[in-house]
Number of protein chains: 2
Amino acid sequence: MLFAEAACGQVLSNPFIRKLEHAGPLSEDERQALSALTQDARTLAARHDIVPDQDAERIYLLMSGVACRYKTLVDGTRRIVSFVLPGDLCRIPPTNRHGLEWRIGILTRCSVVEVSRAALHDLINRHPSLNRALWWLALAELNRSREWLVNDSRPGMQRLAHLLCEVLACLQAVGLADENSCELALSQVDLADALGISHVHINRILQALRKQDLIVWQRHRLVIPDVPRIHDFADFDPTYLDLDGLSTCPDPVPAGD
Amino acid sequence: MLFAEAACGQVLSNPFIRKLEHAGPLSEDERQALSALTQDARTLAARHDIVPDQDAERIYLLMSGVACRYKTLVDGTRRIVSFVLPGDLCRIPPTNRHGLEWRIGILTRCSVVEVSRAALHDLINRHPSLNRALWWLALAELNRSREWLVNDSRPGMQRLAHLLCEVLACLQAVGLADENSCELALSQVDLADALGISHVHINRILQALRKQDLIVWQRHRLVIPDVPRIHDFADFDPTYLDLDGLSTCPDPVPAGD
DNA sequence: CGACTGATTGATTGTGTTCAACCCATGTGG
DNA sequence: CCACATGGGTTGAACACAATCAATCAGTCG
């Protein structure tokens, strides 16, 4: 009984399981399998890239912390195209003749699990309905990416506000944030590169948001005093995250696009 | 014999088949099945949205023309997040209580095939290896979307140049463009909304690109006099389109992200 | 011929960039 | 313990790219 409770606690605090549950209900079996998959995590220090092997693909599962996917432009600018948050899968393709596709940067101290493709494959073979969950994960990622594109067209203040809303929502989805606040150890430079705005300007936008009591951000803790108000301000509609698994395909045929 | 040749011709000019062949080789069987799927196309007039039904999902397959996926911001701006080009799948989720997720706009006269989820499902059941091809399609789309995000950080001229490079490459991939030119009936306003730049400024950028002999664009025909030069100028590396199917998963377990 | 859409141009304004400091906390080695 | 380096964060001033407003022009279609 005690053991079962302990296991249950582990399962509940497992961000990958928490995340996949948004795709649809999981059976106890599936939860156990996912839990087993994510046993031995290891820690990665901040401000380093994950460098892929020459010809081996890697798949990481983020358990805690924040990483990012980015490219460096010819002028040296770093453009972050997505945050990798707890519960996210992160595939790192092998270096090919053209160089790297994307770089994965660790923004804050992370705990990750390295899973092999074989293990994933095996998982799906044993629990076919997880296939649908993985499709959901990929399509949700596509949606997030497109929403970032839309966000790029908003003026600075709503742009930053929208980003913070999304991060809060994603952390809430895996149980790492409460109703209106979360731990967030990102630097202003990270935010700048994620929004395609200079870090100087980000600083000024943050001040403006603070002045309007839309956010409080101190000592790596972000607090949103009035969530509906900032949602309204930023035109943030969490629907696109599809946390209810609504717009997902009812079967494993996705029509990805 | 004559019949076989005719069928073969049809298959070769079928953009969906052309596109999926980039994910990996298709068997003759698979090609026939895909060809059968895309039999009766119908035509949609430009400058109309595809409006989804109240509670029925639709999946369209674009055979010719250009459509786009967009959202309208609170200030009335239209932001295009992706072009739908021949060979692309385009899922239109049913309207939910929150309103529409994305709108699909027809930019130029299109020929589309409406496929049901059941038909797709059936297709995969009969030809399981097509599952991998569909994963490839979705992941390629994700890559494209992220590349647009990166592109948003480039200065205007390379931004537009990069977009044109991508469109040309995608049309070439389905046999609708030759080495350095293609039919392209997009308006300057469409380009503007796809890049998040005002149409007035797009006009000036186009003039600048023309002045530098990077592009020629007349009567709906885009010509790129020196492809390597514009690639270099725009920092365009077609790798991300993954037209060799290189970075794709070798099996249907994708790790979408 | 209007009416319409798309392209082009000029003038003005403004949001955001760039450059250049400076501050402050933290950590490190002599 | 201080000297110094380092990674944020903050501020000011000058500049630049692009948005906006407004008007004109060129085709095209009913």
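About the criteria used
Going along each chain's sequence as written, the residues are numbered from 1 onward. Just so you know, chain letters begin at A and ligand numbers begin at 1, following the order they were written in. Local features in this predicted model are restricted to residues of pLDDT 70 or higher, and side-chain atom pairs are both shown and tallied only at a pLDDT of 80 or more, whereas totals for entire chains, interfaces and linings draw on every residue. Elements are defined by DSSP. Helices are runs of H or I of four residues or more, strands are runs of E of two residues or more, and each kind is numbered from the N terminus. Exposed residues have 12 or fewer other C-beta atoms within 10 Å of their own C-beta, buried residues have 20 or more, and residues in between are partly exposed; the C-beta atoms are placed from the backbone. Any residue pair is listed as a contact if its two C-beta atoms, each placed from the backbone, are within 7 Å. Core membership is restricted to buried Ala, Val, Leu, Ile, Met, Phe, Trp, Tyr and Cys residues, and these are joined into a nonpolar core through C-beta atoms within 7 Å. Residues are classed as near a molecule or strand if the C-beta position derived from their backbone is within 6 Å of it. When residues are grouped by polarity, Ala, Val, Leu, Ile, Met, Phe, Trp, Tyr, Cys and Pro land in nonpolar, Asp, Glu, Lys and Arg in charged, and all others, Gly among them, in polar. UniProt positions are given in the numbering used here, feature names are shortened, and annotations may be inferred rather than shown by experiment. Strand pairing is assigned whenever DSSP detects at least two bridges linking the two strands. Between the N-to-C directions of two axes lies an angle of 0 to 180 degrees, each axis being a line fitted to C-alpha atoms and, for a helix, fitted only over the stretch in contact. When the copies are overlaid, the least-squares fit takes in C-alpha atoms only where the residue has pLDDT of at least 70 in both copies. Roughly parallel here means an angle under 35 degrees, roughly antiparallel means over 145, roughly perpendicular means 65 to 115, and every remaining angle is called oblique. Two helices crossing with the near one rotated counterclockwise from the far one by less than a right angle form a left-handed crossing, whereas a clockwise rotation gives a right-handed crossing.

Draft legend 1. Region of the structure containing the overall build of chain A. Scanning chain A for helices and strands turns up nine helices and twelve strands. Scored against the burial criterion, the 257 residues of chain A give a buried share of 42%. Counting only contacts in chain A whose residues sit at least 6 apart along the sequence, the fraction spanning at least 24 positions is 75%.

Draft legend 2. Seen up close, the nonpolar core. Counting residues in each nonpolar core, the largest one holds 139 residues, and the members touching the most others are Leu62(A), Ala67(A), Leu62(B) and Ala67(B). Setting aside its immediate chain neighbours within four residues, Ala67(A) contacts Leu62(A), Val84(A), Cys90(A), Ile104(A), Gly105(A), Ile106(A), Leu107(A) and Cys110(A).

Draft legend 3. Structural detail: the protein's contact with DNA strand C. Around DNA strand C, the structure places 13 residues, and the nearest of them are Gly156(A), Ser198(A), Val200(A), His201(A) and Gln188(B). Those elements that place two or more of their residues in the surface near DNA strand C are helix 8 (199–211) of chain A together with helix 7 (188–195) and helix 8 (199–211) of chain B. Top element by residues in the surface near DNA strand C is helix 8 of chain B. It accounts for four residues. A class-by-class count of the residues in the surface near DNA strand C yields six nonpolar, seven polar and no charged.

Draft legend 4. Representation of the UniProt feature "domain: HTH crp-type" (unreviewed entry) in chain A within the structure. The feature "domain: HTH crp-type" (unreviewed entry), as given by UniProt, occupies residues 154–228 of chain A in the numbering adopted here. For the annotated span residues 154–228 of chain A, helix accounts for 55% and strand for 15% of the residues, and the straight-line distance between the end C-alpha atoms is 19 Å.

Draft legend 5. Summary view of the sheet that holds strand 4 (residues 67–72) of chain A. A sheet is described by the order of its strands in space; here four strands give the open sequence 2-7-4-5 (chain A), paired in antiparallel fashion. In this open sheet, the two strands that pair with only one neighbour each are strand 2 (49–50) and strand 5 (78–84) of chain A. Pairing analysis gives six bridges linking strand 4 of chain A to strand 5 of chain A, with the strands arranged antiparallel. When the sheet's bridge partners are listed, Ala67(A) is paired in strand 5 of chain A with Val84(A). Lying on the sheet, helix 5 (residues 129–151) of chain B is in contact with strand 4 and strand 5 of chain A; it crosses strand 5 of chain A at an angle near 140°.

Draft legend 6. How the structure looks around helix 7 of chain B. Residues and elements named next belong to chain B. Where burial is concerned, most of helix 7 is hidden: six out of the eight residues are buried. Residues of helix 7 that are buried: Asp190, Leu191, Ala192, Asp193, Ala194 and Leu195. Following helix 7 by one or two positions, glycine 196 adopts a phi angle in the positive range, close to 70°.

Draft legend 7. Here's a closer look at the relation of the copies chain B and chain A. You can overlay chain B on chain A at an RMSD of 0.0 Å; the transform is a turn of 180° with a shift of 0.0 Å along its axis. Seen this way, the second copy is the image of the first under a two-fold rotation axis. A share of 100% of interface residues in chain B that are also interface residues in chain A marks the association as one of identical surfaces.

Draft legend 8. Structural detail: the protein's contact with DNA strand D. Lining the immediate environment of DNA strand D, one finds 13 residues, of which Ser187(A), Gln188(A), Gly156(B), Ser198(B) and His201(B) sit closest. Where the surface near DNA strand D is concerned, the elements lending two or more residues are helix 7 (188–195) and helix 8 of chain A together with helix 8 of chain B. Residues that form the surface near DNA strand D fall into these classes: six nonpolar, seven polar and no charged.

Draft legend 9. Spotlight on the pairing of strand 8 (residues 110–115) of chain A. Residue and element names in this part refer to chain A. Note that strand 1 (residues 42–44) and strand 8 share three bridges and pair antiparallel. Within the sheet, the bridge partner assigned to leucine 44 lies in strand 8 and is cysteine 110. Bridge count for strand 3 (residues 58–64) against strand 8 is five bridges, and the pairing is antiparallel. Opposite tyrosine 60, over in strand 8, you have glutamate 114 as the bridge partner.

Draft legend 10. Quick look at the interface of chain B and chain A. Listed per partner, the contact involves 45 residues of chain B and 46 residues of chain A. Taken together, the elements giving at least two residues each to the side of chain B that touches chain A come down to strand 5 (78–84), strand 6 (89–92), helix 4 (117–126) and helix 5 of chain B. In terms of residue count, helix 5 of chain B provides more of the side of chain B that touches chain A than any other element does, ten residues in total. In terms of residue class, the side of chain B that touches chain A is built from 21 nonpolar, ten polar and 14 charged.

Draft legend 11. Region of interest: the environment of Leu34(A). All names here are of chain A. Within the secondary structure, leucine 34 is located in helix 3 (residues 28–37). A sequence separation of 188 residues divides leucine 34 from leucine 222, and the C-alpha atoms of the two residues are 30 Å apart. The contact partners of leucine 34, leaving out residues within four places of it in the chain, are Phe16, Ile17 and Leu20.

Draft legend 12. How the structure looks around the sheet that holds strand 12 (residues 221–223) of chain B. Reading across from one edge, 9-10-12-11 (chain B) is the order of the four strands in this open sheet, with antiparallel pairing throughout. On the outer flanks of this sheet lie strand 9 (177–178) and strand 11 (216–218) of chain B, each paired with one strand and no other.

Draft legend 13. Quick look at the pairing of strand 4 (residues 67–72) of chain B. Residues and elements named next belong to chain B. Within strand 4, five of the six residues are buried, which leaves it mostly tucked inside the rest of the structure. Joining the antiparallel neighbours strand 4 and strand 5 is a turn of five residues, in which glycine 76 adopts a positive phi near 95°. Where strand 4 and strand 7 (residues 103–106) come together, four bridges link them in antiparallel fashion. Bridge pairing links tyrosine 70 to arginine 103 in strand 7.

Draft legend 14. Representation of the packing of helix 6 (residues 156–173) of chain B against helix 7 of chain B within the structure. Residues and elements named next belong to chain B. In contact at an axis separation of 11 Å, helix 6 and helix 7 are set at 105° when each is read in the N-to-C sense. What the angle tells us is that helix 6 and helix 7 run roughly perpendicular. Each of Arg159, Leu160 and Leu163 in helix 6 lies in contact with helix 7, whose residues at this interface are Leu191, Ala194 and Leu195. Residues belonging to the contact of helix 6 with helix 7 are distributed by class as follows: five nonpolar, no polar and one charged.

Draft legend 15. Expanded view of the packing of helix 6 (residues 156–173) of chain A against helix 9 (residues 227–234) of chain A. Residues and elements named next belong to chain A. In contact at an axis separation of 8 Å, helix 6 and helix 9 are set at 130° when each is read in the N-to-C sense. In terms of orientation, helix 6 lies oblique with respect to helix 9. Considering the relative orientation of helix 6 and helix 9, their crossing is left-handed. Contacts between helix 6 and helix 9 involve Gln158, Ala161, His162 and Cys165 from the first element and Ile230, His231, Phe233 and Ala234 from the second. Across the contact of helix 6 with helix 9, the residue classes tally to five nonpolar, three polar and no charged.

Draft legend 16. Geometry of the environment of Arg204(B). Tracing the backbone shows Arg204(B) in helix 8. C-alpha separation for the pair Arg204(B) and Arg58(B), spaced 146 residues apart in sequence, amounts to 39 Å.

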